[in-house]
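Spelled out from the first residue to the last, the chains are:
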Amino acid sequence: MNIKGFSSNMYGWTERWKMDGKKPQWEDLFHACAEAGLDAVEIDADTEKLKLARSFGLAVSASYIGLPLHIPFNDLGVVQTVLPFAERLAAADGTDLLINADPISWKNPVSKSEDHFKQQGENLSRISELVASLGLKVCLHNHAADNHNARGDLRSVIQYADPLVGLCIDTGWAHVAGCNPIEWVTDYPDRVFAFHLRNQRGHVPTEDLLEGDINFVSLLNSAAAAKYNGWLALELWHPQSTQPVRTMTEDVERSLDYLRHILALSL
């Protein structure tokens, strides 16, 4: 499998910094990312952060934005919000515009209707069309923690969106929702555009990719069979329930070494 390199979402990094009693500063975070062996990061590539990331030898692989995709397109304000965001990503030579389908309510779980999932697919298609000239790939990032909404979000892409819209498979959230991320790769190989990699023990995130319920050897073998050639992005996350014993830098380094080992075995 010929990947572009290893990247990371930054949410887990900033949350771990807070847990450790440190104020998240981009210079410190990017320094740690580079020290751990990452090639890139996922950020809103504004001028200041982009310059700082590049000073540590880090590229920008993707940018992530959450949207209430279940509402009508004209109510999203895409031209005012998403388009400038996408333009910054393209100017930074990033490739993946990752869009989260925000829930109806963050406080109380609400099941979306099939019309909501159809609307999400339509909105993703229109966003993809809007940013096509920038050379970006639009991917739906699965974040739903329940099976109904997770499978509905999947249908938003597979059944209701243009073929140019893909999936960013978040392995951790898929597992929490009772889905098998390996099956998603196997069943929809042409729609897998990106990954967020995290392992789990049930609903609890594990400290690195080496431990947990998800078989990453099988996942990467499935990605190789699908001829995946994008970024492999980590989204390690250490809430209190994880009870981490190592630093985030150490856990990212361990996870990257593990991925490289799996990839080497598949050659």
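Data block above holds the structure.
Residues numbered from 1 in each chain as written. Predicted model: local features only at pLDDT ≥ 70, side-chain atom pairs only at ≥ 80, totals over all residues. Heavy atoms only, no water.

### Focus on the pattern of salt bridges
And then number 1: Counted according to the given criterion, the structure contains 14 salt bridges.
And then number 2: Of the charged contacts, one joins Asp93 and Arg54 as a salt bridge, the two residues approaching to 3.8 Å between their closest N and O atoms. On the criterion of sequence distance, the pair formed by Asp93 in the loop between α4 (78–91) and β4 (96–101) and Arg54 in helix α3 (residues 47–55) is long-range, its members being 39 residues apart.
And then number 3: On the basis of relative accessibility, which here comes to 62%, the residue Asp93 falls in the exposed class.
And then number 4: For Arg54, a relative accessible area of 42% corresponds to the partly exposed category.
And then number 5: The salt bridge involving Lys112 is made with Asp153; its shortest N-O contact spans 4.0 Å. Taken together, the positions of Lys112 in the loop between β4 and α5 (114–131) and Asp153 in helix α6 (residues 147–158) put the pair 41 residues apart, joining distant regions of the chain. Each member of the pair, Lys112 as well as Asp153, is classed as buried. (Salt bridge = Lys/Arg side-chain N within 4 Å of Asp/Glu carboxyl O. Helix = DSSP H or I, 4+ residues; strand = E, 2+ residues; numbered from the N terminus. Buried < 20%, exposed > 50% of the residue type's maximum accessible area, 1.4 Å probe, protein only.)

### Describing the state of the cysteines
And then number 1: Taken as a whole and assessed by the stated rule, the structure comprises zero disulfides.
And then number 2: Sulfur of Cys33: no disulfide; nearest cysteine sulfur belongs to Cys168 and is 17 Å away.
And then number 3: In this structure Cys33 comes out as buried when scored by relative accessible area, which is 0%.
And then number 4: Its sulfur unpaired, Cys168 is 6.1 Å from the next cysteine sulfur, which belongs to Cys139.
And then number 5: For Cys168, a relative accessible area of 0% corresponds to the buried category. (Disulfide = S-S within 2.5 Å.)

### With respect to the packing of aromatic side chains
And then number 1: Enumeration over the complete set of coordinates arrives at five aromatic pairs.
And then number 2: Plain terms: the ring middles of Tyr11 and Trp237 are 6.4 Å apart, the flat faces sit at 55 degrees to each other, and that makes the pair tilted. Within this pair, whereas Tyr11 is found in helix α1 (residues 11–19), its partner Trp237 is found in the loop between β10 (231–234) and α10 (248–266), the two being separated by 226 residues in sequence.
And then number 3: The ring of Trp17 is capped by Lys22, whose NZ or CZ atom sits 3.6 Å from the centre of that ring. (Phe/Tyr/Trp six-rings, centres within 6.5 Å; stacked < 30°, edge-to-face > 60°. Lys NZ or Arg CZ within 6 Å of the ring centre and 35° of its normal.)

### Comments concerning unusual backbone geometry
And then number 1: Positive phi is not limited to glycine here, since Lys227 has a value of about 60 degrees.
And then number 2: Structurally, the position occupied by Lys227 is in the loop between α9 (216–225) and β10.
And then number 3: With a phi angle near 55 degrees, Gln243 is a residue other than glycine that sits in the positive phi range.
And then number 4: Its relative accessible area of 63% is what places Gln243 among the exposed residues.

### Some thoughts on the nonpolar core
And then number 1: Core analysis: the biggest nonpolar cluster contains 80 residues, and Trp13, Leu97, Ile127 and Phe195 have the highest contact counts within it.
And then number 2: Sorting elements by how many residues they give to this core places α4 first, with seven residues.
And then number 3: Apart from the residues lying within four places of it in its own chain, the contact partners of Phe195 are Cys168, Ile169, Val185, Leu219, Ala223, Tyr228, Trp231, Leu232 and Ala233. (Core = buried A, V, L, I, M, F, W, Y, C linked by side-chain atoms within 4.5 Å. Contact = heavy atoms within 4.5 Å.)

Keep in mind that these numbers describe shape and distance, not what the molecule does.
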